[in-house]
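# Commentary on secondary and tertiary structure
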Amino acid sequence: MINKEEYLEALAKVDLFQLQLEKKGVETRIEQKINKNHAGGRRILELLIENATDRLVNPIKCFLEFEISYQKTPFTSVDDITVTFFVEKYSMKQLKSVINLGSGSLMLLNRILWKAGYDILREN
């Protein structure tokens, strides 16, 4: 027969075990999100379509199509452009000149990038 002290010790061990499992589960979910965003390079249009309205998606898509048509990017399709490439290549100043892309849309774009775990667009 076990006494009360042994029972309480066992409960404490079970509680610690549960905390470890919860911590491991949270870490695993965070890693999966990071891997989803960065493994193989997540596509910018995919990210925008999931998180933004057409009012933001369409001007960005047109701008990137223009960039591809003038061979300013190493990609052959807008669907191939990764978020990492987009953030490193373009600045807020460059995107301000895009028709139908106002300051509110640029703020939304930065918020979407930040929430997805990417750097925000630089000013210059």
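Heads up: these notes are all about the structure in this document. (Residues numbered from 1 in each chain as written. Predicted model: local features only at pLDDT ≥ 70, side-chain atom pairs only at ≥ 80, totals over all residues. Heavy atoms only, no water.)

## Here we look at the overall build of the protein
Worth spelling out the cut-off: In DSSP terms, a helix is any run of H or I states spanning at least four residues, a strand is any run of E spanning at least two, and both are numbered starting from the N terminus. Partly exposed describes any residue whose relative accessible area lies between the buried limit of under 20% and the exposed limit of over 50%, with all areas from a 1.4 Å probe on protein chains only and scaled to the type maximum. Contacts are assigned to residue pairs that have any heavy atoms within 4.5 Å of one another. Here the accessible surface of atoms and residues is derived via Shrake-Rupley with a 1.4 Å probe, and residues count as covered only by protein chains that are part of the display.
A tally of helices and strands in the protein yields six helices and zero strands. From first element to last, N terminus to C terminus, the protein shows the α and β order α-α-α-α-α-α. Split into buried and exposed, the 124 residues of the protein put 31% on the buried side. In the protein, of all internal contacts separated by at least 6 residues, the share reaching a separation of at least 24 is 63%. Accessible surface computed for the protein: about 8,900 Å², of which carbon and sulfur atoms make up 55%.

## Considerations on the packing of aromatic side chains
Given two aromatic rings, one states the distance between the centres and the angle between the planes to describe the pair. What counts, and what does not: In this scheme Phe, Tyr and Trp rings, the latter by its six-membered ring, pair at centre separations within 6.5 Å, and the angle between planes marks the pair as stacked below 30 degrees, edge-to-face above 60, and tilted otherwise.
A complete count under the given rule lists five aromatic pairs for this structure. The interplanar angle of 75° and the centroid separation of 4.9 Å between the aromatic rings of Phe75 and Phe85 together place this pair among those described as edge-to-face. Residue Phe75 is found in the loop between helix H3 (54-69) and helix H4 (83-89), and its partner Phe85 is found in helix H4; the two are separated by ten residues along the sequence. Judged by relative accessible area, which is 18%, Phe85 ranks as buried. When the centroid spacing of 5.4 Å and the interplanar angle of 50° are considered together, the rings of Phe86 and Tyr90 count as tilted. Residue Phe86 is classed as buried on the basis of its relative accessible area of 0%. A residue is classified by how much of its surface remains accessible, and Tyr90, at 0% relative accessible area, is buried. By the ring-pair criterion, three or more aromatic residues cluster together here, those being Phe63, Phe75, Phe85, Phe86 and Tyr90.

## Concerning the pattern of salt bridges
Our working rule: Think of a salt bridge as a Lys or Arg side-chain nitrogen and an Asp or Glu carboxyl oxygen that are within 4 Å of each other.
If you walk through the whole model with that rule in mind, you get three salt bridges. Here Arg42 makes a salt bridge to Glu46, at a shortest N to O gap of 3.3 Å. Relative accessible area serves as the criterion here: at 37%, Glu46 is assigned to the partly exposed category. Among the ionic pairs, Lys96 bridges to Glu123, the shortest N-O distance being 3.9 Å. One end of the pair, Lys96, is in helix H5 (residues 92-96); the other, Glu123, is in the segment after helix H6 (103-115), and 27 residues separate them in sequence.

## A word on the side chain of Asn110
Within the secondary structure, Asn110 is located in helix H6. Overall, Asn110 belongs to the buried group, its relative accessible area being 13%. Each residue touching Asn110, except ones within four places of it in the same chain, is listed here: Met92, Ile120 and Leu121.

## Re the nonpolar core
Test applied: We call a set of buried Ala, Val, Leu, Ile, Met, Phe, Trp, Tyr and Cys residues a nonpolar core when their side-chain atoms join them within 4.5 Å.
Ranked by internal contacts, the top residues of the largest apolar core, which has 29 residues, are Ile60, Leu64, Phe86, Leu95, Leu109 and Leu113. If one sorts the elements of this core by residue count, H3 sits on top with six residues. Once you skip the residues sitting within four places of it in the chain, Leu64 turns out to touch Ile44, Val78, Ile81, Phe86 and Tyr90.

## A few points about the environment of Phe86
By secondary structure assignment, the location of Phe86 is in helix H4. For the pair formed by Phe86 and Leu121, sequence separation is 35 residues and the distance between their alpha carbons is 8.8 Å. Once residues lying within four places of it in the same chain are set aside, the contact partners of Phe86 are Ile44, Ile60, Leu64, Ile81, Leu95, Leu109 and Leu121.

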